[in-house]
Amino acid sequence: MKCDYISFAQKIIEGRCSTNNGDDVYHSTSFIYKTTNEDMQYYQKYLQDCNRALTVISSSEQIFNQVVEGTSNIDIFDISIFPYYYFTLKRAGILLFSEVNKYCDFFYGDIDVEGDDYYDDMYDEMRKFLDSDSKEFWDSLFSFYDWSDIYHSMLFSSEPYTLKRVVNRNKHLQPVEYLKLHDTISKVNFTPYIGDINQLASDLPSSYDVVNLSNISTYQSVASYRKLLEAIPLEKNGQVLSYFYQIDDKVRNSFQELSPIYDVFPNHNGVMIYTKKASK
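Please read these numbers as outputs of a predicted model, since none were measured by experiment. (Residues numbered from 1 in each chain as written. Predicted model: local features only at pLDDT ≥ 70, side-chain atom pairs only at ≥ 80, totals over all residues. Heavy atoms only, no water.)

(A) Structural view of the pairing of strand E1 (residues 52-56). Burial analysis of E1 places four of its five residues in the buried class, the great majority of the element. Two elements, E1 and strand E2 (residues 73-78), share five bridges in a ladder whose sense is parallel. When the bridges of E2 are listed, Ala53 appears paired with Ile74. Crossover connection from E1 via helix H2 (residues 61-67) to parallel E2: handedness right-handed. (Buried < 20%, exposed > 50% of the residue type's maximum accessible area, 1.4 Å probe, protein only. Helix = DSSP H or I, 4+ residues; strand = E, 2+ residues; numbered from the N terminus. Pairing = 2+ DSSP bridges. Right-handed = clockwise from strand over helix to strand, strands pointing away.)

What follows is the structure, given as structure tokens:
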């Protein structure tokens with residue numbers, strides 16, 4: 001199956017197929033987010049005081065923002081395999097680069113300015129920090145394509161961003177925090193789960209202090225999402241964070257039976273915090 005993913009990724013980069021899958025926005029081979037479109041700087045405080053967390057992989061930024069809060073056991077999940085491979089590449093970059101500017105240059109920089117040899121050399125240094133499976137995946141791409149071809153292909157989201165906004169949203173990209181991340185990430189235990197979280201939830205072997213579901217609620221019915229919230233195993237006082245691009249009466253009415261709390265940010269986006277009620 002891994003070889004199938006490699007072949008499929010190569011076809012995507014060459015424009016011979018796409019990550020579209022009918023009406024399903026997210027599926028086993030959906031695209032990679034280069035960066036988050038969430039204002040994570042406002043909900044960073046909810047990631048604190050956590051021993052074990054569960055978080056979506058997505059652009060990997062949710063994961064690294066959890067690491068800088070001192071969490072040493074993090075289970076990560078995504079419905080698509082490609083974001084996981086991007087996580088392993090970003091982790092390799094953090095292990096290699098002690099300076100945040102170097103890291104940002106590779107993952108958020110203007111790739112067309114520096115030239116392809118520059119990024120090939122950077123990848124050659126990063127690959128020693130990849131596990132064998134991830135190394136095979138990324139080697140199969142870098143051996144045939146330039147980083148600019150890979151990064152600008154449909155393998156990645158084309159959503160625009162600015163480096164300033166990326167840095168403002170991510171605590172782990174602040175110089176002091178990034179250095180801490182560089183020094184500690186090798187000690188963090190990551191356990192990946194690839195699949196639909198609605199199906200994975202009941203079989204997860206751990207209970208969590210913090211669960212970050214990002215904006216998954218947007219892509220399923222209210223009934224399905226409520227069932228998911230109740231299925232995720234939580235420690236006592238454990239919390240599930242759900243991100244909404246707009247918190248309004250419709251959102252509040254949909255989940256009022258769960259008695260969550262809401263934190264609304266300046267642009268009316270925000271998070272819903274669900275705490276599982278103790279059994280009677």
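(B) Helix H6 (residues 116-126), seen in detail. Among all positions of H6, only Tyr119, Met122, Tyr123 and Met126 are buried. The arc that holds every buried residue of H6, seen down its axis, measures 100 degrees, which confines them to one face. (Arc of directions from axis to C-beta.)

(C) Quick peek at the sheet that holds strand E7 (residues 270-275). The sheet built from seven strands is open, its strands ordered E3-E2-E1-E4-E5-E7-E6 with mixed pairing. Strands with a single pairing partner mark the edges of an open sheet, and in this sheet they are strand E3 (189-194) and strand E6 (261-264). On average, each strand axis in the sheet is tilted by 15 degrees relative to the strand beside it, whichever way the strands run. Its contacts with the sheet put helix H3 (residues 81-96) on E2 and E3, and the angle it makes with E3 is roughly 160 degrees. Taken strand by strand, helix H12 (residues 222-231) contacts strand E5 (234-244) and E7, and its axis lies near 55 degrees from that of E7. (Axes fitted to C-alpha atoms, helices over the stretch in contact; angles between N-to-C directions. Contact = heavy atoms within 4.5 Å.)

(D) Representation of a negative patch on the surface within the structure. A contiguous patch of negative charge on the surface is contributed by Asp117, Asp121, Asp124 and Glu125. Within the element layout of this structure, Asp121 appears in helix H6. (Patch = residues over 30% accessible without salt bridge, like charges linked within 9 Å, V, L, I, M, F, W, Y side chains within 5 Å. Areas by Shrake-Rupley, 256 points an atom, 1.4 Å probe, with all protein chains shown as cover. Salt bridge = Lys/Arg side-chain N within 4 Å of Asp/Glu carboxyl O. Lys, Arg positive; Asp, Glu negative; His and termini not counted. Charge placed at Lys NZ, Arg CZ, Asp CG, Glu CD.)

(E) Geometry of helix H7 (residues 132-142). Of all the residues in H7, the buried ones are Ser134, Phe137, Trp138, Asp139, Ser140, Leu141 and Phe142. Where H7 begins, the side chain of Asp131 points an oxygen toward the backbone nitrogen of Asp133, at a separation of 3.1 Å. (Polar contact = N/O pair within 3.5 Å; in protein donor to acceptor, adjacent residues only side chain to side chain.)

(F) How the structure looks around the pairing of E2. Burial analysis of E2 places six of its six residues in the buried class, which makes it a mostly covered element. Of the two faces of E2, the one lined by Asn73, Asp75 and Phe77 and the one lined by Ile74, Ile76 and Asp78 are each fully buried. Pairing of E2 with E3, which is carried by six bridges, proceeds in the parallel orientation. The residue of E3 that forms the bridge with Asp75 is Thr191.

(G) Spotlight on the pattern of salt bridges. Inspection of the entire model under this criterion finds eight salt bridges. For Arg226, the salt bridge identified is with Glu257, shortest N-O distance 2.8 Å. Of the two residues, Arg226 sits in helix H12 while Glu257 sits in the loop between helix H13 (249-254) and E6, which places them 31 residues apart along the sequence. Residue classification places Arg226 among the partly exposed positions, given a relative accessible area of 21%. Overall, Glu257 belongs to the exposed group, its relative accessible area being 59%.

(H) Region of interest: the packing of aromatic side chains. Taken as a whole, this structure holds 36 aromatic pairs when the rule is applied. Ring centres of Phe137 and Trp138 lie 5.1 Å apart, and the angle between their planes is 85 degrees; on these two criteria the pair is classed as edge-to-face. On the basis of relative accessible area, Trp138 is assigned to the buried category, the value being 0%. On the numbers, 5.3 Å between centres and 75 degrees between planes, the contact of Tyr243 with Tyr245 is edge-to-face. Overall, the relative accessible area of 0% leaves Tyr243 in the buried class. On the basis of relative accessibility, which here comes to 36%, the residue Tyr245 falls in the partly exposed class. Across the ring face of Tyr151, the terminal group of Lys34 is positioned such that the distance to the ring centre comes to 4.2 Å. (Phe/Tyr/Trp six-rings, centres within 6.5 Å; stacked < 30°, edge-to-face > 60°. Lys NZ or Arg CZ within 6 Å of the ring centre and 35° of its normal.)

(I) Representation of the packing of H3 against H7 within the structure. Running from amino to carboxyl end, H3 crosses H7 at an angle of 100 degrees, the nearest separation of the two axes being 10 Å. Taken together, the axes of H3 and H7 are roughly perpendicular relative to one another. On H7, the residues that touch Phe82, Tyr84, Tyr85, Tyr86, Thr88 and Leu89 of H3 are Asp133, Ser134, Phe137 and Trp138. (Parallel < 35°, antiparallel > 145°, perpendicular 65-115°, else oblique.)

(J) Looking closely at the nonpolar core. Within the largest apolar cluster, 55 residues are counted, with the highest numbers of intra-cluster contacts made by Tyr103, Trp138, Trp147, Ile150 and Leu155. Here the element with the most residues in this core is H3; it accounts for eleven residues. Excluding residues that lie within four positions of it along the chain, Trp147 makes contacts with Tyr86, Leu89, Phe106, Ile111, Asp116, Tyr119, Trp138, Phe142 and Phe156. Among the nonpolar cores identified, the runner-up in size contains 25 residues, and Tyr193, Leu200, Leu204 and Ile216 belong to it. (Core = buried A, V, L, I, M, F, W, Y, C linked by side-chain atoms within 4.5 Å.)

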